[in-house]
Amino acid sequence: MGVVLLLGTPRFRRLTYNLGAFVVFSIVASLVFFTLFLLLPVFSTVVTALVEGGRVTLSYFLTTLRDPEYVRVPPLLEVVRVEPVYRLVNGSLVVSGYVVSIGRYGPDFGKLLNSLFVSTLTTLFATVLGVVAAFVMSRYRFPGKSAFGILLVVPLLATPFVNGYVIGRVFGRDGLVNTLIRSIPGLEGVTVEVVGLPAVILVQTLNFFPIVYLNAYASMVNIDPSLEEQAENLGSRGLRLFRTITLPLSLPGIAAGAALVFIFSLEDLGAPIGIKAAFGLGLHNKLLSYDVYDHFRKAYALELVSRSAYVSTSIMLVMAAALFLAVRGYVSLRQYAMLSKGGRWSPRVREASGLRRALLPVLVALIVLITSFPQFGTIVMAFSNWSIAGAT
């Protein structure tokens, strides 16, 4: 009733006349949409986690955080374990090979700290890859640059679920990587598997690094070239020029991309489910995002959602909001200025020559090969039986 009265007020009619009916309708529709499908669900989740019997309580948070499954003290830190494989020969057990398990037995800090650990390392690795790729692509001209510009965003075309499943198969005991390892003389009995949190970090890094790359690239091509030229005239070169001029001026874009990667990694469900499809349950499922999914999956049959699911969701919301505010505050503390006022300038791109002309395409090609190998693995699996029976 109040909304109807508001729409009939003279002020609203003047607003409609000044902005146009379509613009006003778009604004109202957007507000209604975000209220119904964003604000109300978030508010309902937080209220369910905090309110009991009409009063605010932290008892559910404390109970959840005291659970060793959420915060494990002391943590399990055994990242790599080498286990012998035995076979029976003439009535006695003989070592026939070794299995190198990475991530199956650790690290494990509990669901809460596991999520922070995965998100932090994913953001770190994705930022390094993205900034390196963005700097090379924005500052140099070399053979194949246009093609590499397209290939660098290919990882965004597949979801983390697909990448997780493919990487699980490629790094599985009968996958492509172990097939190649066992083809090396002297390593016929060696098997390497990547599971648990390292597998999730690998999947998410490969999938999300283009977010940092695109943001960093956009920042670098919009830097006033006169700033770098003046720094060079004053004797700044190479790494010092990048550290003192290029990186600080690119920081807003890099920080925005890194924050998005952290948030996407924190709430990502595709990678844990994809790796589970390849390896079964494991430490890769001890994350807050999978915990919330698992609670709601079980509630489908019981018709009752545990309060822990709402607590986990609220914790993820708080961490995402805190990171966003921290990045925004940090960037706002620094001043970013361009000398040129008005008009446009051409990005500072130089022709790669000598050794750089040969090495830069190799460097970018290596980044493309590493980050796109799940897509290559998908093509390989489409023409082989690795997805169902291992490599042959």
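Position numbers for residues count from 1 along each chain, tracking the sequence in the order it is written. Reporting in this predicted model follows two pLDDT cut-offs: at least 70 for local features of residues, and 80 or more for side-chain atom pairs to be given and counted; totals over whole chains, interfaces and linings ignore these cut-offs and use all residues. No hydrogens and no water enter the side-chain calculation; it runs on all heavy atoms of the structure.

## Quick notes on the overall build of the protein chain
Here is step 1: The helix count covers DSSP runs of H or I at least four residues long, the strand count covers runs of E at least two residues long, and both are numbered beginning at the N terminus. A tally of helices and strands in the protein chain yields 16 helices and 7 strands.
Here is step 2: Three labels apply to residues, based on accessible area from a 1.4 Å probe with only protein chains included: buried if under 20% of the type maximum, exposed if over 50%, partly exposed otherwise in between. Scored against the burial criterion, the 392 residues of the protein chain give a buried share of 39%.
Here is step 3: Residues are treated as being in contact if the distance between any of their heavy atoms lies within 4.5 Å. Pairs at least 24 apart in sequence give 74% of the contacts found in the protein chain among residues at least 6 apart.
Here is step 4: Accessible areas in this description were obtained via Shrake-Rupley with a 1.4 Å probe; residue shielding takes into account the shown protein chains only. As presented, the protein chain carries roughly 21900 Å² of accessible surface, and 69% of it is formed by carbon and sulfur atoms.

## A short note on the nonpolar core
Here is step 1: Met-137, Phe-142, Leu-152, Tyr-213 and Val-364 are the most contacted members of the largest nonpolar core, which has 25 residues in total.
Here is step 2: Secondary-structure elements contributing two or more residues to this core are α5 (111-139), α9 (196-221), α11 (238-267) and α15 (355-382).
Here is step 3: Element by element, the count of residues in this core is highest for α9, at 7 residues.
Here is step 4: Those residues in contact with Tyr-213, other than ones at most four positions away along the chain, are Gly-130, Ala-133, Ala-134, Met-137, Gly-149, Leu-152 and Val-153. Joining through side-chain atoms within 4.5 Å is the link that ties buried Ala, Val, Leu, Ile, Met, Phe, Trp, Tyr and Cys residues into a set, and such a set is a nonpolar core.

## Description of the sheet that holds strand β3 (residues 80-89)
Here is step 1: Strands were regarded as paired on the criterion that DSSP finds at least two bridges between them. Strand order across the open sheet formed by 3 strands is β3-β4-β6, with mixed pairing between neighbours. Each edge of the sheet is formed by a strand with only one pairing partner; in this case those strands are β3 and β6 (190-194). The sheet shows a mean angle of 30° between the axes of neighbouring strands, direction not considered.
Here is step 2: Where strand β4 (residues 92-102) meets β6, 5 bridges bridge the pair, whose relative direction is parallel. Bridge assignment links Ser-101 to a residue of β6, and that residue is Glu-193. The convention used is that axes are lines fitted to C-alpha atoms, helices contributing only their stretch in contact, and that angles between N-to-C directions extend from 0 to 180 degrees.

## What about the pattern of salt bridges?
Here is step 1: A pair is scored as a salt bridge if a Lys or Arg side-chain nitrogen falls within 4 Å of a carboxyl oxygen belonging to Asp or Glu. What the rule picks out here adds up to 11 salt bridges.
Here is step 2: Linking Lys-286 and Asp-108 is a salt bridge whose minimum nitrogen-to-oxygen distance equals 3.0 Å. Taken as a pair, Lys-286 in the loop between α12 (270-279) and α13 (288-302) and Asp-108 in the loop between β4 and α5 lie far apart in primary sequence, 178 residues in all.
Here is step 3: The class for Lys-286 is buried, based on a relative accessible area of 11%.
Here is step 4: The residue Asp-294 makes a salt bridge to Arg-297 at a minimum N-O spacing of 2.4 Å. Remark: Arg-297 and Asp-294 occur in helix α13; sequence separation between them is 3 residues, near one turn of the helix.
Here is step 5: Note on Asp-294: relative accessible area 15%, which makes it buried.
Here is step 6: According to the relative accessible area criterion, Arg-297 is partly exposed, its value standing at 42%.

## Let's talk about helix α7 (residues 160-170)
Here is step 1: Here α7 has its buried residues at Pro-160, Asn-163, Gly-164, Val-166, Ile-167, Gly-168 and Val-170.
Here is step 2: Taken together, the buried residues of α7 touch α8 (176-182), α9, α12 and α15.

## Some words on the side chain of Ser-289
Here is step 1: Counting through the fold element by element, Ser-289 comes out in helix α13.
Here is step 2: Classification of Ser-289 as buried rests on a relative accessible area of 7%.
Here is step 3: The definition of a polar contact used here is a pair of N or O atoms within 3.5 Å, where within protein one atom must be able to donate a hydrogen and the other to accept one, and adjacent residues in sequence count solely through side-chain atom pairs. A distance of 2.8 Å separates a polar side-chain atom of Ser-289 from the backbone oxygen of Asp-268.
Here is step 4: Contact partners of Ser-289, with chain neighbours within four places excluded, come to Leu-266, Glu-267, Asp-268, Leu-269, Pro-272 and Met-316.

## Considerations on the packing of aromatic side chains
Here is step 1: The pairing test for Phe, Tyr and Trp rings, Trp by its six-membered ring, is centres within 6.5 Å, and the orientation test on the planes gives stacked under 30 degrees, edge-to-face over 60, and tilted for anything in between. Evaluated as defined, the whole model comprises 10 aromatic pairs.
Here is step 2: Arranged with centres 5.9 Å apart and planes meeting at 35°, the rings of Tyr-213 and Tyr-217 form a pair that is tilted. Of the two residues, Tyr-213 and Tyr-217 both sit in helix α9, 4 residues apart, roughly one turn of that helix.
Here is step 3: Judged by relative accessible area, Tyr-217 falls into the partly exposed class, the value being 28%.
Here is step 4: Note on Tyr-290 and Tyr-293: the rings are 5.4 Å apart at their centroids and 55° apart in plane angle, and the pair reads as tilted. With Tyr-290 and Tyr-293 both in helix α13 and 3 residues apart, the pair spans about one turn of that helix.
Here is step 5: By relative accessible area, which is 4% here, Tyr-290 ends up buried.
Here is step 6: In this structure an aromatic cluster arises from ring pairing among Phe-33, Phe-34 and Phe-37.
Here is step 7: The ring of Tyr-105 carries the charged tip of Arg-81 above its face, separated from the ring centre by 3.7 Å.
Here is step 8: Only Lys NZ and Arg CZ are tested; either one counts as a charge over a ring when it is within 6 Å of the ring centre and within 35 degrees of the ring normal. Its guanidinium or amino end placed over the ring of Tyr-70, Lys-111 lies 5.2 Å from that ring's centre, counting from NZ or CZ.

## Some thoughts on the pairing of β4
Here is step 1: Where β3 meets β4, 10 bridges bridge the pair, whose relative direction is antiparallel. Bridge pairing links Glu-83 to Val-99 in β4.
Here is step 2: In this antiparallel pair of consecutive strands, β3 and β4, the connection spans 2 residues, and Asn-90 shows a positive phi of 55°.

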